[in-house]
Amino acid sequence: MNNSGRPRARTALFALVIVLLLLAASTVAAGPGNWWDVEPETEVPSPFYDSILYSEIAPKLREIEQNSNRVKVEVIGQSAGGRNLFLVTLSDPQAMGRLGQYQAIRSQMLKDPAKAQEMIDKFGDFKVPVFINGSIHGNEYPGVDAAIELIETLAYDDSPEVQHILENVILLVNVVQNPDGRVLGTRANANSFDLNRDFIAQTQSETRATVKILTEWNPMVTLDLHGFVNPMLIEPTTPPHNPNYEYDLYLTWAFQQAEAMEAELLAQTGLAAQIPYRDDPSGWDDWGAQYVPMYSMYHGSYGHTLETPSRTALGVDAHYAAVWGALNFIADNREAMLHDQIEIFRRGILDLPQMLIPQWLLDETQYEQYNALTIQEFPAAYVIPAGKPFQQSTHQAARLVEFLLFNDVQVEKASQPFVLDSVSYPGGTYVVWMNQPKRGLANTILDTGVDLSDVPGLEFYSAPASWSHPLLWGAFRAVAADELAVKTSPVNNPTPPAGSVSGRSPAAYAFEPLSLAAFQAANALLDRGIAVQRVPASFTDGGYTYEPGTFVIAANKTLANELARDYALDLQGISATPAGAVLLSEQTIALFGDEGVRYALETLGFDYDIVGTADVNAGVVENYDVFVNRNRTWSGLANSGRSSLSSFFAAGGDYVGLRTTGSRLAIDAGIINATSAAASTSNNGIVKVNYADDSVAGGFRDADYAFVEGPTWFPTLGAGVFASATMGSGDFFLAGYWPGWPVSGAADQPVIVHTANGDSDVTLIGLDATFRGHPENSFRLLGNAIFGSLE
């Protein structure tokens, strides 16, 4: 290729960099006016080459935009730490003037593929969007630098090769997907989330900003720039392949494009590459929708992870070369690739069957192995009733539908009542028809998932092996396997959750812990100094039985109306405050946990302080009301730490232990008389759970669902130890990967237990109630445990 327009200047790293590596970075300070006016801050650059600083990126992009009529720069959101996210759109000057027309055609592909093809023929020079994601892991520096060098080349270079690319491509570059990680020198963002594990949960602002690009543009190709694997790794992947992809269409082009990237990498740098699909039997799968390239495949993208082989400037060169190979391949094969992308959407709209992977792409052994899991039988529709008696509150359906719509899944609403499987559903019930262009994404979100435990030879790069928004967000949905006779109309926004206030001249108002909003409201009231009581046991008033853990406030109609309006809670007047009601106070919480636990606490409205091993050893926990622990072992503490925790428990401090490690600390410390058992941490999935009638399980259905990773249960319980939840009986494992689960001994075993250790409440939760912020429904278990576990 012609490299004449590519900047090559790099300097040796000064000793100052070593000093910077030891400094903590402050929060970014964007200028009060223009996005390109960024105040410098302490940053941790790459120690291996002269990487561009985050504070230098905005001025650099502004310079390019001002000096090239091929470039548009926009801020598409902010990171968790408040730093700007930049999208660069780049094509030839004529295309830049009619981006709206190109987006209209992309949108038309989802509505009427044939008409979209007509529009493409009319344009003649229709260009395809290609999305590049720069360094989603902040300390994988080369991706951002390669992205900027690619932008500069395409912005300034007039070589025939560049012109050929510009004539065929609209390049969309998310220049720095993780500004916080780049500044701090960390893999994760400022909230400690690995953003490349967040695309099915979408808890982080950076993730949602990227999702918006994908839903607005439906890019034909997505290239996600990572490091570090040597030889350079270029997807497509090893099995298992998620059956919700149209994998035959994807693999046809993804494999050829990977080989083109491999060839360009060799030509420019002399480096070899590995393509997992071709070169490896297992270990680098594309099963999970939590990754950028895999998630993008649901929007019609040929998605690739690129793992550069070097942390040095050579890693920048490798990314640059591989992407350059992809751009040339796209420019040469645009029409055929676009035809097959449109076919993905056409199959969905017409409810056409999926196809096997073409045999020319597989040898005889691969053919059976690769096709084993790749064909999906889609139902006719999913049905989501909006409120009671199907949903515990109006929050669950609204949350699920909002997520579907944000992800470009089409949702409709029934115009009259109808019957499905002998159950009557009211008019206004949401219906997700599966004859829609992005049926794979709809099914990925709404399906239960697949039990892969008995499939031989499977190996996953990372959990989870299953996710189900209805089951893990507490939303009821029914499946219409066959035709459903009901008239529906499109929905643009879900009906917002709605609260209510009932009861004349009550002695108090009660609201049940049926939603995350109930905990948010209770914590907000406590923060305002307003009295809130909690009733540990179920009680009956006015012929209605209230859940354990129900919150009670004074008979203040104005306050009740406020909670109904602002939190969409149902408040019911009661004739008397129940016996045993406990006056709540704001809990001071010491947390030894991961980002998922932090996210859950913040979602519930709890304040907390993070503590580490040194803090526990120094006795810091004794200053708190509750110690929530996911990650600290008893044996890993110094004698001073064990002594301090013993004093904390003796003084009445409450303990909430999460998963195996958090549970084992309580058992080893002798504050609960129980034993624990656990499966491997590689085992994860969705399980059936039976909940007891107590305040730890308050607000949950008797039979519900939860997520486990390294499932933990408690085979023996001593005197005074009670089970708040047990694993389901029989076929308790619904979806995921847990080889040997039927003979594990976990069926019917306690998975949440609690006891009194003097004045200390001890609760152990063997489920993964907060996994990466996804299983929102089980966040409430953590809230219940913190507010007090005993009757």
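Structural data are supplied above this passage.
## Overview of the overall build of the chain
- Along the backbone of the chain there are 24 helices and 39 strands.
- Taken against the 2.2 N^0.38 rule, which gives 28 Å for 791 residues, the C-alpha radius of gyration of the chain at 28 Å falls within 12% of a compact globule.
- Along the three orthogonal principal directions, the C-alpha set of the chain runs to about 85 × 70 × 55 Å.
- Within the chain, the fraction of its 791 residues that count as buried is 60%.
- For the chain, contacts bridging at least 24 residues in sequence account for 77% of all contacts bridging at least 6.

## Notes on unusual backbone geometry
- Cis peptide bonds are those with omega within 30 degrees of zero, and the linkage from Gly227 to Phe228 qualifies with 10°.
- Mapped onto the elements, Phe228 comes out in the loop between strand E7 (221–227) and strand E8 (232–234).
- With omega at 0°, the peptide bond leading from Asn230 into Pro231 counts as cis.
- Here Pro231 is to be found in the loop between E7 and E8.
- Phi is positive for Ser135, close to 50°, though the residue is something other than glycine.
- Within the secondary structure layout, Ser135 lies in the loop between strand E5 (128–134) and helix H6 (142–156).

## Details of helix H15 (residues 394–406)
- With 13 residues, H15 extends 19 Å from end C-alpha to end C-alpha; this agrees with the ideal 18 Å at 1.5 Å per step.
- Among all positions in H15, only His395, Gln396, Ala397, Ala398, Leu400, Val401, Phe403 and Leu404 are buried.
- The secondary structure elements touched by the buried residues of H15 are strand E13 (381–384), strand E17 (430–433), helix H16 (439–446), helix H17 (469–473), helix H18 (516–527) and helix H19 (557–567).

## Focus on the environment of Asn67
- Tracing the chain through its elements places Asn67 in helix H2 (residues 54–67).
- Side-chain polar atoms of Asn67 contact the backbone oxygen of Glu63, separated by 2.7 Å.

## Digging into the pairing of strand E37 (residues 733–737)
- In terms of burial, E37 is a largely internal element, four of the five residues being buried.
- Note that strand E33 (residues 684–691) and E37 share four bridges and pair antiparallel. Note that in E37 the partner of Ile686 across the bridge is Ala735.

## A few points about H6
- For H6, built from 15 residues, the straight-helix expectation of 21 Å at 1.5 Å per residue is met to within 8% by its first-to-last C-alpha distance of 21 Å.
- Among the 15 residues that make up H6, 14 are buried, leaving the element largely enclosed by the rest of the structure.

## With respect to the sheet that holds E8
- If you trace the eight strands from one edge of the open sheet to the other, you get E3-E4-E6-E5-E7-E12-E8-E10, paired in mixed fashion. Whereas interior strands pair on both sides, the edge strands pair on one side only; in this sheet they are strand E3 (71–78) and strand E10 (273–274).
- In this structure, E7 lies alongside strand E12 (residues 302–308), joined through seven bridges in parallel fashion. Among the inter-strand pairings, Gly227 is bridged to a residue of E12, identified as Thr308.

## Observations concerning the sheet that holds strand E26 (residues 570–574)
- One open sheet accounts for six strands, arranged E20-E26-E21-E25-E22-E27; its pairing is mixed. Looking at which strands have only one partner, the edges of the open sheet turn out to be strand E20 (500–502) and strand E27 (582–583).
- Here strand E21 (residues 508–511) runs beside E26; their pairing, made up of three bridges, is antiparallel. Across the sheet, residue Ala508 finds its bridge partner in E26, namely Ile574.
- Set on the sheet, H19 makes contact with E20, E21, strand E25 (550–554) and E26; between it and E20 the angle comes to about 145°.

Conventions adopted
- Residues numbered from 1 in each chain as written.
- Predicted model: local features only at pLDDT ≥ 70, side-chain atom pairs only at ≥ 80, totals over all residues.
- Heavy atoms only, no water.
- Helix = DSSP H or I, 4+ residues; strand = E, 2+ residues; numbered from the N terminus.
- Rg over C-alpha atoms; globule rule 2.2 N^0.38 Å.
- Buried < 20%, exposed > 50% of the residue type's maximum accessible area, 1.4 Å probe, protein only.
- Contact = heavy atoms within 4.5 Å.
- Expected span 1.5 Å × (residues − 1).
- Polar contact = N/O pair within 3.5 Å; in protein donor to acceptor, adjacent residues only side chain to side chain.
- Pairing = 2+ DSSP bridges.
- Axes fitted to C-alpha atoms, helices over the stretch in contact; angles between N-to-C directions.

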